[in-house]
Amino acid sequence: MRRKLAAGNWKMNGTAASLSEVEALIAAHPSPGVEILLCPPATLVGRLAALKGQHSLMVGGQDCHAKASGAHTGDVAAAQLADAGATHVIVGHSERRADHGESDEAVADKARAAWSAGLVAVICLGETLAEREAGRTLEVVGRQLDASVPEGATGLNTVVAYEPVWAIGTGLTPTSEQIAEVHDFLRSRLSARLGADAAHVRLLYGGSVKASNAAEIFAIPEVDGALVGGASLRAADFSPIVKALEQAAEIELP
Ligand SMILES: O=C[C@H](O)COP(=O)(O)O
């Protein structure tokens, strides 16, 4: 069975003062029934890792360079994130694909770099509104999956996050049927490529997940959790999402 994962992406938000939200989250979930991952800005990775101590909460970066080290001003290497206490790194988020022109191939290189440093790569993909309205959603996410997820992906080194670009930070979400269609498609496509390993790769949904819609989204069979942006910044918003995922996990238990 795939363990459920509640992941938070703080994006370019948060300072040391925000660590009180992590303390509150830990206090609300001393022994969580699902995995919790927080991806703060790189400036806070080390401090968050130190703060969490022995708690099961995991810490991740939001991006890494494809190279292990070198003259790349402003970038961060996967090994540096690992050194700071990260276990995961998001790669291929649509904001990086748009803001930094990252191609599927560049994302795959970053995923390989993450693996080399011992990190789990959280590989993001998703269609734009224009692509959905043109009926190209499955074509687009299929291409992104094939080209962004390298050979060698397993449930231990890779998480895939389906994030429709038009749902990110907009308050809009696809219908449950639309999410199910894409997740079922991604699972089949992964199986065709990876064989048995595909069954262990977790598929997260991301895009305007909040307390009010989390339970409905987590009831979709191939949804193994969420990658949450805005609602992960405050414990009061993120904790109910974690609780909804814990309830979904309990329902799935045999
Ligand atoms: O990585 C997170 C996603 O971009 C979702 O962001 P959001 O929950 O603010 O819509």
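- As annotated in an unreviewed UniProt entry, the protein chain is Triosephosphate isomerase from Rubellimicrobium aerolatum.
- The protein chain has a UniProt comment under Subcellular location (unreviewed entry) that states "Cytoplasm".
- Of the comments in the UniProt record for the protein chain, the one headed Sequence similarities (unreviewed entry) reads "Belongs to the triosephosphate isomerase family."

### A closer look at the UniProt feature "active site" (unreviewed entry) in the protein chain
Alright, step 1. The positions UniProt marks with the feature "active site" (unreviewed entry) are His93 and Glu163. A compact arrangement is adopted by the annotated residues: their sequence extent is 71 residues, whereas the largest C-alpha distance between any two is 8.3 Å. Lining the largest pocket, from this annotated set, are His93.
Alright, step 2. Within the fold, His93 resides in the loop between strand 4 (88–91) and helix 4 (94–99).
Alright, step 3. With relative accessibility at 4%, the residue His93 sits in the buried group.
Alright, step 4. With residues near it in sequence (within four places) discarded, His93 still touches Asn9, Lys11, Cys124, Glu163 and Ile168.
Alright, step 5. You can see Glu163 is positioned in the loop between strand 6 (158–162) and helix 8 (176–194).
Alright, step 6. In contact with Glu163, other than residues within four places in its own chain, are His93, Cys124, Leu125, Gly126, Ile168, Gly206, Gly207 and Leu227.
Alright, step 7. In terms of polar contacts, Glu163 uses its side chain to reach the side chain of His93, at 3.1 Å.

Thresholds, definitions, all that
- Residues numbered from 1 in each chain as written.
- Predicted model: local features only at pLDDT ≥ 70, side-chain atom pairs only at ≥ 80, totals over all residues.
- Heavy atoms only, no water.
- UniProt positions renumbered as here; feature names shortened; annotations may be inferred.
- 1 Å grid on protein atoms, 1.4 Å probe; cavity = no way out; pocket = protein on both sides within 12 Å on 5 of 7 lines; lining within 4 Å.
- Helix = DSSP H or I, 4+ residues; strand = E, 2+ residues; numbered from the N terminus.
- Buried < 20%, exposed > 50% of the residue type's maximum accessible area, 1.4 Å probe, protein only.
- Contact = heavy atoms within 4.5 Å.
- Polar contact = N/O pair within 3.5 Å; in protein donor to acceptor, adjacent residues only side chain to side chain.

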